[in-house]
Protein chains: 2
Amino acid sequence: MSKKEIILSKALELFASRGYDATSTRQIATEAHVSEGLIFRHFHNKEGLLEAVLLQGINKATQYIEPILEMTDPRQIIESAICLPTHVPIEEHEFWKLLYTLKWQRANYPQEAFDQLQQKLTAAFESLGFESPELEAQLIEIYIDGLATEILLRGGDPTALTQKILTKYFKNEH
Amino acid sequence: MSKKEIILSKALELFASRGYDATSTRQIATEAHVSEGLIFRHFHNKEGLLEAVLLQGINKATQYIEPILEMTDPRQIIESAICLPTHVPIEEHEFWKLLYTLKWQRANYPQEAFDQLQQKLTAAFESLGFESPELEAQLIEIYIDGLATEILLRGGDPTALTQKILTKYFKNEH
DNA sequence: GTCTATACCAGGATAGAC
DNA sequence: GTCTATCCTGGTATAGAC
């Protein structure tokens, strides 16, 4: 791992656990065993470091959503979307916590990937003949956020809740 | 309004719009037309000021939930809970934004009122004969959060979504 | 209760050597 | 690419007079 990568991973870790504002570049440098100046050489300023951290995470996140975008069976699309939160490995939890925090405190947080998922879901509900596909897709997004909150914030086991939600859509099959 | 109250209301306004960390006591003092020292006389430190701001807001929030806690008709309880977010007046939006932000970045954020609502909802679902009342109550909480997000973050009109959710529970009546 | 003045430190950021 | 040293600002907080 290059020093640049070490900085990036330590920054993610600290931003996620303490928050962006509460984390100083000093701290990051110390924990990464790197001089503070190096951070600014590589990322220009603190904001730039945050953006790099986000970009890195977003790429990982897109990999979850991409497979769904390629599916054709509407039921499989909906089910996969709902189950999305349960497939996030523990080592990525901190990153997602950071993302949800930023969602509430920064206007321009990245969410293109989710918009694509939203469209895919709308199409899926449409092809299943639902009355208001956009609203149904929006509801799925709400379920995803709710499950994510349960996992990331309360550290709870989401399987029971996930099952419950699934039965709302696939009553006779599960 | 006493100077203490002016400080409190300005602090709420600034914490909510810019965030807690990003707001300096300097700024609060200036905008409240008050010396900075006075803030620390009244609230000991910045953290104490935040707590006072929260306490004030929580009291207001409890007033929304209390009427529901006194209801007896289970259907009315569920419906009222779902409609909760639509009844928050615009001038309180900033406060709720602050609360949702803190939910993600502070461990001990106040939520007793919501826990009470949760219990009331569980009892309501139980009396209606639902299979897993706890999970159903948790789902309502997720809906509330989802609707709040729609209103506070995207500034969207939640009525269509609220109606959609209501039909999930009261299909034949609406 | 309130203000003025001030201490003091930590934050982000830069310069320059290697 | 990396480190050392340093700057400067602005942040929280206190002391003491009124």
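The notes below deal with the structure included here. (Residues numbered from 1 in each chain as written. Chains lettered and ligands numbered in written order. Predicted model: local features only at pLDDT ≥ 70, side-chain atom pairs only at ≥ 80, totals over all residues. Heavy atoms only, no water.)

What about the protein's contact with DNA strand C?
Worth spelling out the cut-off: Proximity is defined per residue: any heavy atom of the residue falling within 4 Å of a molecule or strand makes that residue near it. Polar contacts here mean pairs of N or O atoms no more than 3.5 Å apart (in protein, one a potential hydrogen donor and the other a potential acceptor; neighbouring residues in sequence count only if both atoms are side-chain atoms). Numbering of helices and strands starts at the N terminus; helices are DSSP runs of H or I of at least 4 residues and strands are runs of E of at least 2. Basically, the charged four are Asp, Glu, Lys and Arg, the nonpolar ten are Ala, Val, Leu, Ile, Met, Phe, Trp, Tyr, Cys and Pro, and anything else, Gly included, counts as polar.
As a structural note, the neighbourhood of DNA strand C is formed by 15 residues, with Thr25(A), Arg26(A), Phe40(A), Lys46(A) and Ser35(B) the closest of them. Sugar and phosphate atoms form 53% of the subset of DNA strand C atoms that lie within 4 Å of the protein. At 3.3 Å from a phosphate oxygen of DNA strand C is found a side-chain nitrogen or oxygen belonging to His42(B). Among the secondary structure elements, those contributing two or more residues to the surface near DNA strand C are α2 (25–31) and α3 (36–43) of chain A together with α3 (36–43) of chain B. With four residues, the single largest contributor to the surface near DNA strand C is α3(A). Partitioning the surface near DNA strand C into residue classes produces two nonpolar, seven polar and six charged.

Quick notes on the protein's contact with DNA strand D
Close to DNA strand D lie 16 residues; Ser35(A), Thr25(B), Arg26(B), Glu36(B) and Lys46(B) are nearest. The separation between a phosphate oxygen of DNA strand D and a polar main-chain atom of Ser35(A) is 3.1 Å. Every element with two or more residues in the surface near DNA strand D is listed here: α3 of chain A together with α2 (25–31) and α3 of chain B. For the surface near DNA strand D, the per-class residue count stands at three nonpolar, seven polar and six charged.

A closer look at the nonpolar core
One broad rule of soluble globular proteins: the nonpolar side chains tend to lie buried together. The following threshold applies: Each nonpolar core is a collection of buried residues, namely Ala, Val, Leu, Ile, Met, Phe, Trp, Tyr and Cys, held together in the definition by side-chain atoms within 4.5 Å. Relative accessibility thresholds used throughout: buried, under 20% of the residue-type maximum; exposed, over 50%; partly exposed, between the two (1.4 Å probe, protein chains only). As used throughout, domain bounds are those supplied by an automatic or database domain assignment. We call two residues in contact when some of their heavy atoms are within 4.5 Å.
Counting residues in each nonpolar core, the largest one holds 61 residues, and the members touching the most others are Phe15(A), Leu49(A), Phe15(B) and Leu49(B). The two domains that each donate at least three residues to this core are domain 1 (1–44) and domain 2 (56–169) of chain B. Those residues within four positions of Leu49(A) in sequence are excluded, and the remaining contacts are Ile7(A), Leu8(A), Ala11(A), Phe15(A), Ile28(A), Ile39(A) and Phe43(A). With 54 residues, the next largest nonpolar core counts Ala113(B), Leu117(B), Ala137(B) and Leu161(B) among its residues.

Things to note about the interface of chain A and chain B
Here is the rule: By buried area we mean how much accessible surface two parts lose on assembly, using a 1.4 Å probe and totalling the loss over both. Definition used for salt bridges: Asp or Glu carboxyl oxygen within 4 Å of a side-chain nitrogen of Lys or Arg.
Across the contact, 29 residues belong to chain A and 29 residues belong to chain B. Contact between chain A and chain B buries roughly 2,800 Å² in total, counting both sides, with carbon and sulfur atoms accounting for 65%. When the buried area of chain A at its contact with chain B is split by residue, Trp104(A), Ile142(A) and Lys164(A) rank highest and sum to 26% of it. Across the chain A-chain B interface, the total number found is six salt bridges. In this assembly, chain A and chain B are joined by seven residue pairs in polar contact (both at pLDDT 80 or more). At the level of secondary structure, the elements contributing two or more residues to the side of chain A that touches chain B comprise α6 (93–105), α8 (133–152) and α9 (159–169) of chain A. Sort the elements by how many residues they give to the side of chain A that touches chain B and α8(A) lands first, with 12 residues. Per-class residue counts for the side of chain A that touches chain B are 13 nonpolar, six polar and 10 charged.

Topic: the side chain of Lys164(A)
One can find Lys164(A) in helix α9. By relative accessible area, which is 13% here, Lys164(A) ends up buried. A distance of 3.2 Å separates the side chain of Lys164(A) from the side chain of Ser132(B), its partner in a polar contact. Ignoring sequence-local partners within four residues, the contact set of Lys164(A) consists of Ser132(B), Leu135(B), Glu136(B) and Leu139(B).

Observations concerning the environment of Lys46(A)
As for its placement among the helices and strands, Lys46(A) is situated in helix α4 (residues 46–69). Ignoring any residue separated from it by four or fewer positions in sequence, one finds Lys46(A) in contact with Phe15(A), Tyr20(A), Asp21(A), Thr23(A), Thr25(A) and Phe40(A).

Digging into unusual backbone geometry
All names here are of chain B. Phi is positive for His 33, which is not a glycine, with a value near 55°. Structurally, His 33 is set in the loop between α2 and α3. Of the residues examined, His 33 reaches a relative accessible area of 68% and is grouped as exposed. In this structure, His 44 is a non-glycine residue whose phi angle is positive, near 70°. Relative accessible area serves as the criterion here: at 65%, His 44 is assigned to the exposed category.

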